[in-house]
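Secondary and tertiary structure notes
Given next are the chains, with one letter for each unit.
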Amino acid sequence: MANNRYHRRQRRNRSFVMLCGVLAALIVCCVIVGVVVHKKHASQPDPVAPALAQAASPEPEATQEIVEPTAEPEAAPALAAATEAVPAVEEPALAPEATREARADGADAMVAAPSAENAQKLANEVRPDVVEGFLPVCYGLKTDQKVVAITIDDCNQPENLKQILKIINSYGGKATIFPIGQNVEKCGEILKAAWESGFEIENHTWDHCGLYNVDDDMLAKEIWSQNAKVSQILGVDYQMHFLRPRGGDNRYDQRTHAYMRQMGYYGLAYWTQVGIHSSTDSLMQHLAPGNIFLYHTTDEDLAQLSELVPRLHEAGYTMVTLNELYGLPANETAPLTEKTQAPVLAPYTRMEQTLNPGDYLRDVYLVQEELTKRGFLTAEYNGYYGKVTKQAVMDFQKSAGLTADGICGPDTWKALFGEN
Ligand SMILES: [Zn+2]
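Residues numbered from 1 in each chain as written. Predicted model: local features only at pLDDT ≥ 70, side-chain atom pairs only at ≥ 80, totals over all residues.

Strand order in the open sheet formed by 3 strands is E1-E7-E6, with parallel pairing between adjacent strands. Every interior strand has two partners, whereas the edge strands, strand E1 (137-138) and strand E6 (242-243), have only one. The pairing of E1 with strand E7 (residues 267-269) spans 2 bridges and is parallel. For Cys138, the partnering residue across the bridge sits in E7 and is Ala269. (Pairing = 2+ DSSP bridges. Helix = DSSP H or I, 4+ residues; strand = E, 2+ residues; numbered from the N terminus.)

The structure is reproduced here in structure tokens:
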């Protein structure tokens, strides 16, 4: 699906730590492949590489069309490493110390902010790295404990959701549910019962939009409204800890992270593996402590979880929530208050970033918007930095007397927007 390409592109992370992840992945793959080849025969097909590639496959759910098709990126070895190699965190996270003050101006001031200690603990344990201006992105956890986190998105099929939760619960497990705001009402009783049984509910936006191309008010509304609806269903003001935008990562949309921080969130919830992209056998074969599995509530998801959950249990694994996985407290609650409107996005300092072909980011969208205004881009655009956008950037760079390399660094940004 188009969305698969979107996610792979979005994850073409340029950071050093991800490079380390790639190298580590290659080493791990080489070792595994070596072992397999040694055990079997070199001429036999290698079952490991496809399985690892599958494990890295992204969420198959976005509907946003990519208007600039390019060749598929060469898979995501860095993400394939997710179950094996966890690069060290190089930079400390900024604890969301401003949260309490920010919320004091908003409607939900009574909800406690995450402690700096908890935020730091989380930041120290997630990968790939934590960058100033961004909250942690949670791909899993490196741990020796036999725990995994099952996450369930969207919740389009309430009956299947009910069955899935029942299965997990019957094996003493818990899970984290990411309902779309629009589905909260119809899943209300199920969600409330799940929460009362120790399951966790987190934010998947109100209507599953991509977030990168909405204005500030819509961004706030998408995040705040879903949380407000869950609060209403649960009968308490419920402080969410994790946001998972459609497609998950969204890491370089700093604006989203700024709003999450403002609203007291700990981090952005990604995943280690998309369940139904692999067979149950393959998932078990590559099972590792700290994995986060992504599921939805389709019949296929239900069928696989019916197989997987008992096998996880047999293998000695405990199914935990994201809070439990990261050692965070349960979502804070307070007496229910009337919700009026989303607090506006507070000012934040934009971190400079260089935009490269292959990126799929809000900042690319802004560049495309500006290039269109200036007449350099006439094609449709959607935040994906493809060949057409690269040419438009080069044309603009020439006209501005810059090196026409098609890479949108700080100089190009400044020439476009008059700021960094
Ligand atoms: Zn979704």
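Over its 19 residues, helix H10 (residues 216-234) extends 27 Å from the first C-alpha to the last, a length consistent with the 27 Å expected when each residue adds 1.5 Å. One or two steps after H10, the chain reaches Gly235, where phi turns positive at roughly 80°. (Expected span 1.5 Å × (residues − 1).)

Turning our eyes to something else, we now look at helix H7 (residues 158-170). With 13 residues, H7 extends 18 Å between its outermost C-alpha atoms, agreeing within 8% with the 18 Å of an ideal straight helix rising 1.5 Å per residue. Summarising the contacts, the buried residues of H7 are in contact with strand E2 (147-154), helix H9 (188-196), helix H13 (299-314) and strand E10 (318-320). In the stretch just after H7, Gly172 is the one whose phi turns positive, near 75°. (Contact = placed C-beta atoms within 7 Å.)

Okay, the pairing of strand E3 (residues 176-179) next. The side chains of a regular strand alternate between the sheet's two faces. The side-chain alternation of E3 yields two buried faces, one formed by Thr176 and Phe178 and the other by Ile177 and Pro179. Relative to E3, E2 is paired through 4 bridges, and the arrangement is parallel. Within E3, the position partnered with Asp154 by the bridge is Pro179. Bridge count for E3 against strand E4 (residues 200-201) is 2 bridges, and the pairing is parallel. Counterpart to Thr176 in the pairing with E4 is Glu200. (Buried ≥ 20, exposed ≤ 12 C-beta atoms within 10 Å, placed from the backbone.)

The next thing to look at is the pairing of strand E9 (residues 292-295). Neither face of E9 is open: one carries Ile292 and Leu294, the other Phe293 and Tyr295, and all of them are buried. Relative to E9, E2 runs parallel, the two being bridged by 4 bridges. Bridging across to E9, Ile150 finds its partner in Phe293. Inspection of the sheet shows strand E8 (residues 273-274) paired to E9 by 2 bridges, in the parallel sense. Looking across to E9, one finds that Val274 is bridged to Leu294. In terms of handedness, the path from E8 via helix H12 (residues 280-285) over to E9 forms a crossover that is right-handed. (Right-handed = clockwise from strand over helix to strand, strands pointing away.)

Note: predicted coordinates in regions of low pLDDT should not be interpreted at a detailed level. When pLDDT is averaged across the protein chain, the result is 76; 68% of the residues are at 70 or more. A low-confidence stretch, residues 1-22 (pLDDT under 50), is modelled with 57 contacts involving residues beyond four sequence positions or located in other chains. Below a pLDDT of 50 lies the segment residues 28-112, which in the model reaches 175 contacts outside its immediate sequence neighbourhood of four places, other chains included. (pLDDT = per-residue confidence, 0-100.)

Attention shifts here to the packing of H10 against helix H11 (residues 254-262). Contact geometry for H10 and H11: axes closest at 11 Å, N-to-C directions at 50°. One finds that H10 runs oblique with respect to H11. In this structure, H10 crosses over H11, and the sense of that crossing is right-handed. Together, Leu219, Ala220 and Ile223 of H10 and Arg255, Thr256 and Tyr259 of H11 make up the contact between the two elements. (Axes fitted to C-alpha atoms, helices over the stretch in contact; angles between N-to-C directions. Parallel < 35°, antiparallel > 145°, perpendicular 65-115°, else oblique. Left-handed = near helix turned anticlockwise from the far one by under 90°.)

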